[in-house]
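Remarks on the overall topology
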Amino acid sequence: MGNENCEISLFQYVDDTIFVGEVSVKNVFCLKAILRLFELISELRVNFHKNSFGAIGVEVGVVERYASMLNCEILSIAFIYFRLPIGINPRRIESWQPLVHKFEKR
């Protein structure tokens, strides 16, 4: 992106978006710029306080600092995406109980 050549990929479905990239200050600034530009262009508001930032294999202090820069929460390793649990032990039956329960309701 731009002169800095930030490389950020994204997965998007309706309101859910995951940005994937190298964990660096440069990419955090690029991500913040992308989201701010989205606000300006779309005239919609990004609720940063409802968003989460996470990183794998990065010191906790770095993750905390970047989450603070983005004004968002720290993403825990186990989270829900598209109503599916991510980061759980898939071999444990109790890990899937919330999803099974949803289908039983139908």
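Residues numbered from 1 in each chain as written. Predicted model: local features only at pLDDT ≥ 70, side-chain atom pairs only at ≥ 80, totals over all residues. Heavy atoms only, no water.

Right, let's get into the overall build of the protein chain. From N to C terminus, the protein chain includes three helices and six strands. The order of helices and strands in the protein chain, counted from the N terminus, is β-β-α-β-α-β-β-β-α. A total of 106 residues make up the protein chain; the buried ones form 22% of that total. In the protein chain, 29% of the contacts between residues at least 6 apart in sequence involve partners at least 24 apart. Within the structure as shown, the protein chain displays about 8500 Å² of accessible surface, and the carbon and sulfur contribution to it stands at 56%. (Helix = DSSP H or I, 4+ residues; strand = E, 2+ residues; numbered from the N terminus. Buried < 20%, exposed > 50% of the residue type's maximum accessible area, 1.4 Å probe, protein only. Contact = heavy atoms within 4.5 Å. Areas by Shrake-Rupley, 256 points an atom, 1.4 Å probe, with all protein chains shown as cover.)

Note that Glu-73 resides in strand 4 (residues 73-74). Sequence-wise, Glu-73 and His-49 are 24 residues apart; in three dimensions their C-alpha atoms are separated by 6.7 Å.

Core analysis: the largest hydrophobic core is formed by 13 residues, its most contacted members being Val-28, Phe-53, Tyr-66, Leu-70 and Cys-72. Sorting elements by how many residues they give to this core places helix 2 (residues 60-69) first, with four residues. Not counting chain neighbours up to four residues away, the residues in contact with Leu-70 comprise Val-28, Leu-31, Lys-32, Phe-48 and Phe-53. (Core = buried A, V, L, I, M, F, W, Y, C linked by side-chain atoms within 4.5 Å.)

As for its position among the elements, Glu-22 is in the loop between strand 2 (16-21) and helix 1 (25-42). Using a relative accessible area of 62% as the deciding quantity, one classes Glu-22 as exposed.

Summed over all chains, the structure comprises one aromatic pair. Between Phe-53 and Tyr-66, the ring centres sit 6.0 Å apart and the planes meet at 80°, which makes this aromatic pair edge-to-face. One end of the pair, Phe-53, is in strand 3 (residues 52-53); the other, Tyr-66, is in helix 2, and 13 residues separate them in sequence. With relative accessibility at 5%, the residue Tyr-66 sits in the buried group. (Phe/Tyr/Trp six-rings, centres within 6.5 Å; stacked < 30°, edge-to-face > 60°.)

Next up on the list: helix 3 (residues 93-105). Side chains that are three or four residues apart share a direction in an α-helix, a result of its 3.6 residues per turn. In this model, helix 3 (13 residues) spans 18 Å end to end at C-alpha, consistent with the 18 Å of a helix rising 1.5 Å per residue. Taken as a whole, helix 3 carries its principal kink of about 35° at Leu-99. (Expected span 1.5 Å × (residues − 1). Bend = angle between axes of the 7 residues up to and from the residue.)

The next subject is the pattern of salt bridges. Opposite charge on two side chains permits them to pair, given that their charged atoms come into close proximity. Scanning all chains against the criterion turns up two salt bridges. Where Arg-36 meets Glu-39, a salt bridge forms, and the shortest distance between an N and an O atom there is 3.1 Å. Of this pair, Arg-36 and Glu-39 are both found in helix 1, three residues apart, which corresponds to roughly one turn of the helix. Where Arg-45 meets Glu-39, a salt bridge forms, and the shortest distance between an N and an O atom there is 3.3 Å. Overall, the relative accessible area of 64% leaves Arg-45 in the exposed class. Judged by relative accessible area, Glu-39 falls into the buried class, the value being 11%. Put simply, Arg-36, Glu-39 and Arg-45 are held in one network by salt bridges that share partners. (Salt bridge = Lys/Arg side-chain N within 4 Å of Asp/Glu carboxyl O.)

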